[in-house]
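Structural description and commentary
Single-letter residue listing:
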Amino acid sequence: MAGLATALGSGAMTNTIAEIGDSACILAAGTSTTEAHPIIGYQVKKAVRNGAKLIVVNPQEVPLTQFATLHLPLKPGTDVVLLMGMAKVIIDEGLHDQNYIDERCENFDKFKESLEVYTPEFVSDTTGLPWEDVVEAARMYAENGPASILYCMGITQHSHGTDNVLAVSNLALITGNLGRLSAGVNPLRGQNNVQGACDMGSLPNVFTGYQKVENDEARQKFEKAWGVSLSGKPGLTHTEIFDAAYKGDIKAIYLIGENPVLTEANAAHSNEAMDKLDFLVVQDIFLNETAQKADVVLPAVSFAEKNGTSVNTERRVQRVRRVIDPVGESKPDWWIVSAIANEMGYEGFAYNSAEEIFNEMAKLTPSFAGINYERLDQGSIQWPCPSKDHPGTPVLHKEKFATPSGKAKLAPLEYRPSEDCCDFDFPLILTTERSLYQFHSTMTRYSEGLDELSGGEQILINPVDAEKLGIADGDLVEVSSRRGKLKVKATITRRSQPGVASLSFHFAECPTNLLTSSALDPVAKTPETKVCAIRIDKV
C-alpha cells in the first residue's frame, strides 16, 4: 500500500481530530478511545450526538461501546477476517465507489478475487461474530459517508499487524473515504509526541520525514550536511535490540525516555538482556524501574522545563515553551546528547537551542521545509508543509497518493492466525488495555490521587469463565503464560467476552508484560502483545 506511505507508514492520521465530530460514520477498531484518547473520544461522542453511526470493533466491552450503534466483539487476532469479510459484502452488494476505484486505485480485480475465501461460514467461525452483524457493519460503513476509521494498538500490536492496517486501508479505499473531509484512516498515537519522535527519524530505517536510509539521494544529502559517511542498511527495531543484547551482540544501550522493565513484551527476556549488558545508560525524568538497573542515570527535564516542539497524532507541529527553570541538575535531552557527543570529540553538535536543531532538520526534510519557530509562534501547522507560504495540510491524499502512478494499490490479504495460540495448558486469551487514570508506565504512578482513582491492577474475567474456574469477584489469582506468571485480583465482569481476559500494563506491582508474547510482525516488527495464551488459577 505504498500510496498511503506518507501517512499510514508514519502512523499519522490522514485527517484532523476536529473533523471526526462531523463524520457520518465512525469505525473504531482496536481502540478504547474515551480511555486512551479522551479528547478524540469527545469528538466521537459529538459525532454520535449529531446522528453519526458508531461501529466499535473490540474484544472487550470498552467504555466506548456505550455510545456504539454496533459493537463487534471479535476473537482477538481475527481483524483481517472481519475487515476483508466486510469488504466482500460491500463489493458483492455494489456499495463500493467504482468511480473512485477507477480513478484512484490499482489492483482492484486481484483484490476482488482474493475476497472469495471470506465466506460467511469462514468469517463467522473465525471471528466468533454472527454473519448478520458483519453484513450490518459493512452496510453501515459503506452507506453513511463521510466515514472515518480510527484505530490504535488493538490493530497494530499483532504478529500480523501490518495486514490489519492494510485491511483497514482497503475498506477506506473501496468506499472512497480517503482524501475527503471527516473521513480517512486515522491511527491514534499512544503518547503525545510519539508522532514527532518518528517524524524526526527515531526509526531504524529512515532519516527525518521518513526519508529511507537505503535511498542513495536522501542518504547523500544527509552525508553532505553532516560531513560524515552514513550506512544505507536499516538498523534494528526496538524488540530486535533486546534480542541482540540477550545474545551478546549488543554490549551497551543508551535509553532515553523509556521503561522497558514494564513496557517491553516478554519483559523477563528483555530484563535478562539488560542484565547481560556491559553498560546501561538511562536518561529520564524519574528513577523508574529501568533506571534502577542503570550504570549511569542522566536526569532529563520535563515538558514544563524546556523549549522545543511537539507533533501530535494529527501531524500538528506545536511549540513547547518553558514555564519553570530546570529542577536540580536536570537538562534538556538535546543538551545532554550534544554534551556527550562533544565530550567524545564529534563535530556538528555545537547547538545553543532547540530552535537551531529544528531549523537544521527543516532544511533537510521536505515535509517540514516551510515550518519555523516564527510561524509556529502564530499557531500550529500540520505537515506536509513544503514552503514558507504553504498553510500546511489538514487532509492527506486529496488529489493523489505518493506512488509513481499517483494511485493506491489495493492489497489482497490472507488470514494468518496469531502466533501465541490457546491449547489445553493455556486455554484463555489475554489482551491488554489502558486506564483513563494512568499514562503508560511511570509518570502518573507518582500521583496518589490518580492511583486512588484507577484502583490498582485487576484482571477482568467473564462470569462464564469465572464459574468454570471457581473464581469469585476479588479473589487473588495466578495468571500464567508460556513466558511468566504473576498474581493479581480478579474482577468478574461482562466487559470481557467468554474465553478472553484483560489486564492493563501500568503497574510495577503487577508487571503484565512478563506474560505477553514478543512474536513479531514480519514487516513492522511490532510484538504480539494483544494476543497472549494464558491460564488462570485461584490462589
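Further up the page is the structure itself.
Reading guide: rules and limits
Residues numbered from 1 in each chain as written. Predicted model: local features only at pLDDT ≥ 70, side-chain atom pairs only at ≥ 80, totals over all residues. Heavy atoms only, no water. Salt bridge = Lys/Arg side-chain N within 4 Å of Asp/Glu carboxyl O. Helix = DSSP H or I, 4+ residues; strand = E, 2+ residues; numbered from the N terminus. Buried < 20%, exposed > 50% of the residue type's maximum accessible area, 1.4 Å probe, protein only. Pairing = 2+ DSSP bridges. Axes fitted to C-alpha atoms, helices over the stretch in contact; angles between N-to-C directions. Contact = heavy atoms within 4.5 Å. Parallel < 35°, antiparallel > 145°, perpendicular 65-115°, else oblique. Left-handed = near helix turned anticlockwise from the far one by under 90°. Nonpolar A, V, L, I, M, F, W, Y, C, P; charged D, E, K, R; others polar. Patch = residues over 30% accessible without salt bridge, like charges linked within 9 Å, V, L, I, M, F, W, Y side chains within 5 Å. Areas by Shrake-Rupley, 256 points an atom, 1.4 Å probe, with all protein chains shown as cover. Phe/Tyr/Trp six-rings, centres within 6.5 Å; stacked < 30°, edge-to-face > 60°. Core = buried A, V, L, I, M, F, W, Y, C linked by side-chain atoms within 4.5 Å.

Quick look at the pattern of salt bridges now. Pairs can form between side chains of opposite charge whenever their charged atoms are close. As enumerated under the stated definition, the model contains 18 salt bridges in all. The salt bridge involving D420 is made with R482; its shortest N-O contact spans 2.8 Å. You can see D420 sitting in the loop between β13 (408-409) and β14 (428-432) and its partner R482 sitting in the loop between β16 (476-480) and β17 (485-492), a full 62 residues away along the chain. Overall, D420 belongs to the buried group, its relative accessible area being 6%. Given the relative accessible area of 38%, R482 is considered partly exposed. Here D423 and R482 are joined by a salt bridge, their closest N and O atoms 2.9 Å apart. Here D423, found in the loop between β13 and β14, pairs with R482, found in the loop between β16 and β17; they are 59 residues apart in sequence, far enough to count as distant. Members of the salt-bridge network, linked through shared partners, are D420, D423, R482 and R483.

To continue, consider the sheet that holds strand β8 (residues 279-284). Strand order in the open sheet formed by three strands is β7-β8-β9, and the pairing between neighbours is parallel. Here the strands that pair on one side only, and so sit at the sheet edges, are β7 (252-256) and β9 (296-299). The sheet shows a mean angle of 10° between the axes of neighbouring strands, taken without regard to direction. Strand direction decides the pairing type here: β8 and β9, joined by four bridges, are parallel. Bridging from a neighbouring strand, V281 pairs with V296 of β9. Sheet strands in contact with helix α15 (residues 333-343) are β7, β8 and β9, and its direction is about 155° off that of β7.

Attention now moves to the sheet that holds strand β11 (residues 316-320). Taken in spatial order, the three strands line up as β10-β11-β12 in an open sheet, and their pairing is antiparallel. The sheet terminates laterally at β10 (308-311) and β12 (381-382), the two strands that pair on one side only. Looking at chain direction, β10 and β11 are connected through four bridges and run antiparallel. Residue pairing across strands places V311 opposite V317, the latter belonging to β11.

Tracing the chain through its elements places L469 in helix α19 (residues 463-469). According to the relative accessible area criterion, L469 is partly exposed, its value standing at 34%. Measuring from C-alpha to C-alpha, the distance between L469 and I256 comes to 43 Å, with 213 residues separating the pair along the chain. Among residues more than four places away in sequence, those in contact with L469 are L428 and I536.

What follows covers the side chain of D163. By secondary structure assignment, the location of D163 is in helix α9 (residues 161-174). Setting aside anything within four residues of it in sequence, one finds D163 in contact with V80, L413, E414 and R416.

Quick look at the packing of helix α12 (residues 238-247) against helix α14 (residues 267-275) now. Relative orientation of the contacting elements α12 and α14 amounts to 50°, with a least axis distance of 8 Å. For the element pair α12 / α14, the angle class is oblique. Crossing of α12 over α14 shows left-handed handedness. The segment α12 lies against α14, with F242, D243, A245 and Y246 engaging H269, S270, E272, A273 and M274. When the residues that make up the contact of α12 with α14 are grouped by side-chain class, the tally is five nonpolar, two polar and two charged.

What follows concerns the pairing of β7. Residues I253 and L255 of β7 are buried on one face, while the alternating residues A252, Y254 and I256, pointing to the opposite face, are not. Here β7 runs beside β8; their pairing, made up of five bridges, is parallel. Bridge pairing in β8 links I253 to L280.

Before going further, it helps to spend a moment on a nonpolar patch on the surface. Taken together, Y254, I256, I340, M344 and Y346 make up a surface patch of nonpolar side chains, about 490 Å² in accessible area. By the secondary structure assignment, I340 is in helix α15.

Turning to the environment of C422, a few remarks are in order. You can see C422 is positioned in the loop between β13 and β14. Counting along the chain gives 144 residues from C422 to D278, while the straight-line C-alpha distance between them is 38 Å.

Let us now look at the packing of aromatic side chains. The geometry of an aromatic ring pair comes down to the distance between the two centres and the angle between the two planes. Tallying each qualifying case throughout the model produces nine aromatic pairs. With a centroid separation of 6.2 Å and 40° between ring planes, the pair formed by Y210 and W383 is classed as tilted. With a gap of 173 residues between them, Y210 in the loop between α10 (194-199) and α11 (216-226) and W383 in the loop between β12 and β13 connect regions that are remote in the sequence. Grouping residues by exposure puts Y210 and W383 together as buried. With centroids separated by 6.4 Å and ring planes inclined at 35°, the aromatic side chains of F368 and W383 adopt a geometry described as tilted.

This part is about the nonpolar core. Grouped together as the largest cluster of nonpolar side chains are 53 residues, with contacts concentrated most on I55, M86, F111, Y141, L171 and I174. Ranked by residue count, the leading element in this core is helix α3 (residues 79-92), at 10 residues. Beyond its immediate chain neighbours, meaning those up to four positions away, Y141 contacts C25, L27, I55, M86, I90, A147, I149, L171, A172, T175 and N177.

Excluding glycine, residues mostly carry a negative phi; peptide bonds, for their part, are mostly trans. Omega for the bond connecting G145 with P146 falls within 30 degrees of zero, at 0°, which places this linkage in the cis form. Along the chain, the position of P146 falls in the loop between α7 (131-143) and β5 (147-151). Following W383, the chain continues into P384 via a peptide bond in cis, with omega recorded as 0°. One can find P384 in the loop between β12 and β13. For Y210, which is not glycine, the phi dihedral falls at a positive 65°. Positive phi, normally seen in glycine, also occurs at R315, with a value near 70°. Note that R315 resides in the loop between β10 and β11. Under the relative-accessibility criterion, R315 is labelled buried at 0%.

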